[in-house]
Amino acid sequence: MKAIVVTDPAAGTAGMTLVERPDPDPARLTSLDGANYGDVVVEVHASGFTGDELEWPSTWVDRLGRDRTPSIPGHEVAGVVTSLSYGTAGLSVGQRVFGLTEWTRDGTLAQYVVVEARNLAPLPGDIEFTVGASAAMTGLTAWQGLFEYGHLSAGHSVLVHGAAGAVGSMAAQLAREAGAYVIGTGRGAHRQSALHFGAHEFIDLDNDTLEDVGGVDFVFDVFGGDVGARSARLVRGGGTFVTVTGPPEVRPTDGLAVDFVVVPDRAQLGEIARRVQEGRLRTHIGQVASLDDAVAAFNPSQKVNGKTIIRMR
């Protein structure tokens, strides 16, 4: 099979290479000899890649700290199940699925991937594979940050950073649907896009003063750094600051600060798929490229706003 591999942590996306790798062995998967309980083989139809995953230790070493290069990056997938191992539940051969793969295992920038069945959910037939791949990581990150860790409820005011980006646009839509008042942020050129994705108002971080927002009940942070620190100070008493950028340097004076790493969740993926199917949730795809063009797509000459998706078939 064709796959993108990386071997040098210092090279970044420029170190990506398109190579031939062995196909997963279905016979071994269904045998007792070395099979991982509950795995499935997925024929990948579309794959996503998170921009900073080449900085994650799990890209380069396994759970025991052993080097695992050359490794295949990408952990967002939509495709069709081709083989099942022992212990697989809830999926069948030929089924359309989407979800996330394990961080310490080879990923989805390949024509086939082996993944734990519990990390996948059925993908309805009227949702394109590119949309499914673009919704997995972004949708779960937004869902878990808002509802699982942030306990967002109707009537809250929510500051969503990067509201025109891949994750922020999902957070803005989900927060608005939940009855929150959404204040989006980003660059001025992204104002209309952020409003299109559900923000009630928009703060241009290059030209507006963030502190003019006043107090908010909730901050959904994807930037960290100075923007994250300033935002934490805007959280009202009893409010919540949620970030995906690591432990926050500044915490709300009288509120909760949470940093988290997204995890696969079949039930949540199902909720996301249902909203996409009903037209209540839209993904933000910035570009779609073939696997042959994936290295160039992940090394663009100009910044792409939205998710880059690789279409395999």
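Note: the structure precedes this text.
Caption draft 1: Just the overall build of the protein, in detail. Each helix and strand counted, the protein has seven helices and 15 strands in total. Over its C-alpha atoms the protein spans a radius of gyration of 20 Å, differing by no more than 12% from the 20 Å that the globule rule assigns to 313 residues. The burial tally for the protein puts 52% of its 313 residues in the buried class. Partitioning the contacts of the protein with sequence separation of at least 6, the portion at a separation of at least 24 is 64%. Of the roughly 13,300 Å² of accessible surface on the protein, 49% is carried by carbon and sulfur atoms. Across the protein, the 25 positively charged side chains and the 37 negatively charged ones have centroids separated by 3 Å.

Caption draft 2: Representation of helix 6 (residues 266-277) within the structure. Counted at 1.5 Å a residue, the expected span for helix 6 with its twelve residues is 16 Å, and the 16 Å between its end C-alpha atoms agrees. What helix 6 keeps buried is the set Gln-268, Leu-269, Ile-272, Ala-273, Arg-275 and Val-276. Buried residues in helix 6, looked at end-on, bunch into an arc of 165°, giving them a common side. Of the surrounding elements, those touching the buried residues of helix 6 are strand 5 (96-100), strand 7 (120-122), helix 2 (129-149) and helix 3 (166-177). Two or three places before Ala-267, at the opening of helix 6, Asp-265 has a side-chain oxygen 3.1 Å from that residue's backbone nitrogen. Gly-279 lies just past helix 6 and shows a positive phi near 80°.

Caption draft 3: Seen up close, the sheet that holds strand 12 (residues 235-243). If you trace the six strands from one edge of the open sheet to the other, you get 10-9-8-11-12-13, paired in parallel fashion. At either margin of the open sheet sits one strand with a lone partner, and together these are strand 10 (201-204) and strand 13 (256-259). Going from strand to strand, the sheet's axes swing by 15° on average, the running direction of each strand aside. Pairing analysis gives four bridges linking strand 9 (residues 181-186) to strand 10, with the strands arranged parallel. Paired with Gly-184 across the two strands is Phe-202, which belongs to strand 10.

Caption draft 4: Representation of the side chain of Thr-104 within the structure. Among the secondary structure elements, Thr-104 is positioned in the loop between strand 5 and strand 6 (112-116). When sequence neighbours within four positions are dropped, the list of residues in contact with Thr-104 reads Ser-58, Val-61, Asp-62, Arg-63 and Arg-68.

Caption draft 5: Representation of unusual backbone geometry in the model. The omega torsion across Thr-69 and Pro-70 is 0°, close enough to zero to call that bond cis. Take Pro-70: it is sitting in the loop between strand 3 (39-48) and strand 4 (76-84). Phi is positive for His-151, which is not a glycine, with a value near 50°. One can find His-151 in the loop between helix 2 and strand 8 (157-160). Taking the relative accessible area as the measure of exposure, His-151 reaches 56% and is therefore exposed.

Caption draft 6: Region of the structure containing the nonpolar core. Ranked by size, the top nonpolar core spans 45 residues in total, and within it Phe-98, Leu-146, Leu-152, Val-160, Phe-218 and Ile-272 carry the most contacts. When residues of this core are traced back to their parent elements, those giving at least two are strand 4, strand 5, helix 2, strand 8, helix 3, strand 11 (216-221) and helix 6. With ten residues, the top contributor of residues to this core is helix 2. When sequence neighbours within four positions are dropped, the list of residues in contact with Val-160 reads Gly-168, Ala-171, Ala-172, Val-182, Ile-183, Gly-184, Thr-185 and Phe-220.

Caption draft 7: Inspection of the environment of Gly-48 at higher detail. Mapped onto the secondary structure, Gly-48 falls in strand 3. On the basis of relative accessible area, Gly-48 is assigned to the buried category, the value being 0%. Measuring from C-alpha to C-alpha, the distance between Gly-48 and Ala-133 comes to 5.8 Å, with 85 residues separating the pair along the chain. Residues in contact with Gly-48, not counting those within four places in the same chain, are Gly-74, His-75, Glu-76, Thr-108, Ala-133, Lys-307, Thr-308 and Ile-309.

Caption draft 8: Structural view of helix 3. Under the 1.5 Å per step criterion, the end-to-end length of helix 3 is 17 Å for twelve residues, consistent within 8% with the ideal 16 Å. The element helix 3 is largely enclosed, with a buried count of nine among its twelve residues. Where helix 3 is concerned, the buried positions are Ala-166, Gly-168, Ser-169, Met-170, Ala-171, Ala-172, Gln-173, Leu-174 and Ala-175. Those residues of helix 3 that are buried lie in contact with helix 2, strand 8, strand 9, strand 11, helix 6 and strand 15 (307-311). Phi for Gly-179, located one or two positions after helix 3, is positive at around 95°.

Caption draft 9: Region of interest: the packing of aromatic side chains. One pass over the full model with this rule turns up four aromatic pairs. Aromatic side chains Trp-56 and Trp-103 sit 5.5 Å apart centroid to centroid with 75° between the ring planes, which places their arrangement in the edge-to-face category. Linking Trp-56 in the loop between strand 3 and strand 4 with Trp-103 in the loop between strand 5 and strand 6, this pair joins segments that are 47 residues apart in sequence. Over the ring of Phe-129 we find Arg-96, and its NZ or CZ is 4.1 Å from the ring centre. Positioned above the aromatic ring of Tyr-112, the side-chain terminus of Arg-313 is 5.3 Å from the ring centre.

Calculation criteria
- Residues numbered from 1 in each chain as written.
- Predicted model: local features only at pLDDT ≥ 70, side-chain atom pairs only at ≥ 80, totals over all residues.
- Heavy atoms only, no water.
- Helix = DSSP H or I, 4+ residues; strand = E, 2+ residues; numbered from the N terminus.
- Rg over C-alpha atoms; globule rule 2.2 N^0.38 Å.
- Buried < 20%, exposed > 50% of the residue type's maximum accessible area, 1.4 Å probe, protein only.
- Contact = heavy atoms within 4.5 Å.
- Areas by Shrake-Rupley, 256 points an atom, 1.4 Å probe, with all protein chains shown as cover.
- Lys, Arg positive; Asp, Glu negative; His and termini not counted.
- Charge placed at Lys NZ, Arg CZ, Asp CG, Glu CD.
- Expected span 1.5 Å × (residues − 1).
- Arc of directions from axis to C-beta.
- Polar contact = N/O pair within 3.5 Å; in protein donor to acceptor, adjacent residues only side chain to side chain.
- Pairing = 2+ DSSP bridges.
- Axes fitted to C-alpha atoms, helices over the stretch in contact; angles between N-to-C directions.
- Core = buried A, V, L, I, M, F, W, Y, C linked by side-chain atoms within 4.5 Å.
- Phe/Tyr/Trp six-rings, centres within 6.5 Å; stacked < 30°, edge-to-face > 60°.
- Lys NZ or Arg CZ within 6 Å of the ring centre and 35° of its normal.

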